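Inside the fold
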Amino acid sequence: MKRRTLIPAFAAGLALLLAGCAGGTPSNSAAAGSGAGSGGASKTAIVASTDVYGDIASRIGGDRVTITSIIDDPNKDPHEFQASAQNQLALAKANIVIANGGGYDDFVQTMLSSAKDSRASTAKLTVLNATEISGHDQKSTDGGFNEHVWYDFPSMTKLADALAAALSEAQPASAEFFAKNATAFAADLTELESTEASLRTVHSGEAVAVTEPVPLYLLEAVGLVDITPKAFSDAIESGTDAAPQTLRETISLFDSHAVALLVYNEQSGGPQTDAVRKAAMANHIPAVPVTETLPAHQTYVSWMRANLDAIAKALGE
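Everything numeric in this text was worked out from a predicted model, so none of it was measured. (Residues numbered from 1 in each chain as written. Predicted model: local features only at pLDDT ≥ 70, side-chain atom pairs only at ≥ 80, totals over all residues. Heavy atoms only, no water.)

**Overview of the sheet that holds strand β6 (residues 225-226)**
The following threshold applies: One bridge is not enough; two strands pair if DSSP finds at least two bridges between them. In this description a helix means any DSSP run of H or I spanning at least four residues, a strand means any run of E spanning at least two, and both kinds are numbered starting from the N terminus.
As summarised here, the arrangement of the four strands in space is β6-β5-β7-β8, forming an open sheet in which the pairing is parallel. The open sheet terminates on both sides in strands that have one partner only, identified here as β6 and β8 (287-290).

**A look at the packing of helix α8 (residues 175-203) against helix α13 (residues 300-314)**
As a reminder of what qualifies: In this analysis, axes come from line fits to C-alpha atoms, helices being fitted only over the stretch in contact, and the angle between any two N-to-C directions falls in the range 0 to 180 degrees. Here roughly perpendicular refers to angles of 65 to 115 degrees, roughly parallel to angles under 35, roughly antiparallel to angles over 145, and oblique to all remaining angles. We call two residues in contact whenever any of their non-hydrogen atoms come within 4.5 Å of each other. For this scheme, ten residues count as nonpolar: Ala, Val, Leu, Ile, Met, Phe, Trp, Tyr, Cys and Pro. Four count as charged, namely Asp, Glu, Lys and Arg, and the remainder, Gly too, count as polar.
In contact at an axis separation of 11 Å, α8 and α13 are set at 5° when each is read in the N-to-C sense. Here α13 runs roughly parallel to α8, going by the angle between their axes. On α13, the residues touching Phe-185, Asp-188, Leu-189, Glu-191, Leu-192, Thr-195, Glu-196 and Leu-199 of α8 are Tyr-300, Val-301, Met-304, Arg-305, Leu-308 and Ala-312. Class assignment of the residues belonging to the contact of α8 with α13 gives a composition of nine nonpolar, one polar and four charged.

**Focus: the sheet that holds strand β3 (residues 96-99)**
Where strands meet in a sheet, backbone hydrogen bonds hold them as pairs that are either parallel or antiparallel. With parallel pairing, the four strands of this open sheet are ordered in space as β2-β1-β3-β4. Taken across any chain shown, the strands that pair with only one partner, and hence form the sheet edges, are β2 (65-71) and β4 (126-129). Averaged over all pairs of adjacent strands, the angle between their axes in this sheet comes to 15°, without regard to strand direction. Helix-sheet contacts for helix α7 (residues 153-170) involve β1 (44-50), β2, β3 and β4, and the interaxial angle to β3 is about 170°.

**Concerning helix α11 (residues 244-255)**
To be explicit about the condition: Given a helix with a known number of residues, its expected span is that number minus one, times 1.5 Å.
Taking 1.5 Å of rise per residue, the 12 residues of α11 would be expected to cover 16 Å, and the 16 Å separating its terminal C-alpha atoms lies within 8% of that figure. The inward-facing, buried residues of α11 contact β5 (207-210), α10 (230-237), β7 (261-265) and α12 (271-282). Directly beyond the C-terminal end of α11, a positive phi value near 55° is found at His-257.

**As for the packing of aromatic side chains**
Aromatic ring pairs are reported here in terms of the distance separating the ring centres and the angle at which the planes meet. Cut-off, in case you're wondering: Stacked, edge-to-face and tilted are the three classes for Phe, Tyr and Trp ring pairs, Trp counted by its six-membered ring, which pair at centre distances within 6.5 Å; planes under 30 degrees apart are stacked, over 60 edge-to-face, the rest tilted. Only protein chains enter the accessibility calculation, which uses a 1.4 Å probe; a residue is then buried when its area is under 20% of its type maximum, exposed when over 50%, and partly exposed in between. By definition, being over a ring means that NZ of Lys or CZ of Arg is both within 6 Å of the ring centre and within 35 degrees of the ring normal.
A full pass over the atoms with the stated rule returns six aromatic pairs. The interplanar angle of 70° and the centroid separation of 5.6 Å between the aromatic rings of Phe-177 and Phe-178 together place this pair among those described as edge-to-face. For Phe-178, a relative accessible area of 0% puts it in the buried group. Judged by centre distance (6.1 Å) and plane angle (80°), the rings of Tyr-300 and Trp-303 are edge-to-face. Taken together, the positions of Tyr-300 and Trp-303, both in helix α13 and three residues apart, correspond to about one turn of that helix. Residue classification places Tyr-300 among the buried positions, given a relative accessible area of 0%. The buried category is assigned to Trp-303, whose relative accessible area is 2%. Connected via pairs of aromatic rings, a cluster forms that spans Tyr-104, Trp-150, Tyr-151, Phe-185, Tyr-300 and Trp-303. Positioned above the aromatic ring of Phe-177, the side-chain terminus of Arg-64 is 3.8 Å from the ring centre.

**Notes on the pattern of salt bridges**
To keep things clear, this is the line we draw: In the sections that follow, a salt bridge refers to a side-chain nitrogen of Lys or Arg positioned within 4 Å of a carboxyl oxygen of Asp or Glu.
Per the counting criterion, the structure on display carries five salt bridges. The shortest N-O distance in the salt bridge between Asp-234 and Lys-230 comes to 2.7 Å. Taken as a pair, Asp-234 and Lys-230 lie in helix α10 at a separation of four residues, close to a single helical turn. Here Asp-234 falls in the buried class, since its relative accessible area comes to 13%.

**Quick notes on the confidence of the model for the protein**
What counts here: A residue's pLDDT is simply how confident the predictor is in it, with values from 0 to 100.
Looking at the protein, the pLDDT average stands at 86 and 82% of residues meet or exceed 70. Across residues 1-40, confidence stays below pLDDT 50; counting only partners more than four residues off in sequence or on other chains, it has 100 contacts.

**Remarks on the packing of α11 against α12**
The packing of two helices is summarised by the inter-axis angle and the distance between the axes. The criterion, for reference: Handedness of a crossing follows from how the near helix is turned relative to the far one, being left-handed for an anticlockwise turn of less than a right angle and right-handed for a clockwise one.
Viewed as axis vectors pointing N to C, α11 and α12 meet at an angle of 20°, and their least axial separation amounts to 8 Å. Comparing the axis directions of α11 and α12 gives the class roughly parallel. Between α11 and α12 lies a crossing whose hand is right-handed. Judged by residue contacts, Leu-247, Thr-250, Ile-251 and Phe-254 of α11 engage Gln-272, Ala-275, Val-276, Ala-279 and Ala-280 from α12.

**Some words on unusual backbone geometry**
Although it is not a glycine, His-257 adopts a positive phi angle of roughly 55°. Looking at the element boundaries, His-257 is found in the loop between α11 and β7. Phi is positive for His-284, which is not a glycine, with a value near 55°. Inspection of the secondary structure puts His-284 in the loop between α12 and β8. Owing to a relative accessible area of 74%, His-284 belongs among the exposed residues under this scheme.

Next comes the structure, spelled out in structure tokens:
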């Protein structure tokens, strides 16, 4: 089932506000950014749909970019996000936009379309769609495509390479700088993949349950098998209640000790997710929280390392 699309609530006069405030040439055009870092030229402006991609952009772009992350509050449910005029102004001035795609953050394309007329005709815009870059097949016949590709390390390596290429085009003099940063980032992800592989040698085939499909790419890389009733995780992801029978089937996974652990989305919840967590606790089955955006004081790499550490601990490593 498709994730609840994050839809902005635009004021009626937003287009007029944008036209009046954004003006002509964006302050950080790609042309102006060329050669940044070699004589004080303007930095390349990057807008990311979430702080996950904002942090990756910071890792690749360093001090030669400016970054705006639209969703950046770890204490709020990303599904309840409402975009503002300020967000749209940032997009109007962006040289590079990083979106997740896959139906997760459609508000980005909505705002880009609204900002189209306010952009300077000479300002080049590059949009990086992480889902498309990942290469994952979005045309799942059962409607089960998982758009949470930031939990898939090979996909983030591809995104970093694409971003380094886009930045190198904007700032040719800094191409080596961006390439080195992308290589170092890829090395960190390779280390995380090694951790996944180590866990897979011991725990491959073990069953787990989830409240939502947020962490599935990581769990699958560890070799764990999600046996949650699809109707349950689909309902929770879409913000609705599962049927009572479906909830009972999910809770029975813990009562029968059919799963080794529960992984739940800490940023969204409700009575049914609470019931599932209580069932896990009552049966002494570990429950591991995950999030969709960066926890406070974490980088993408430290966050994912902490996720893997938590899963390893829950599995008895």
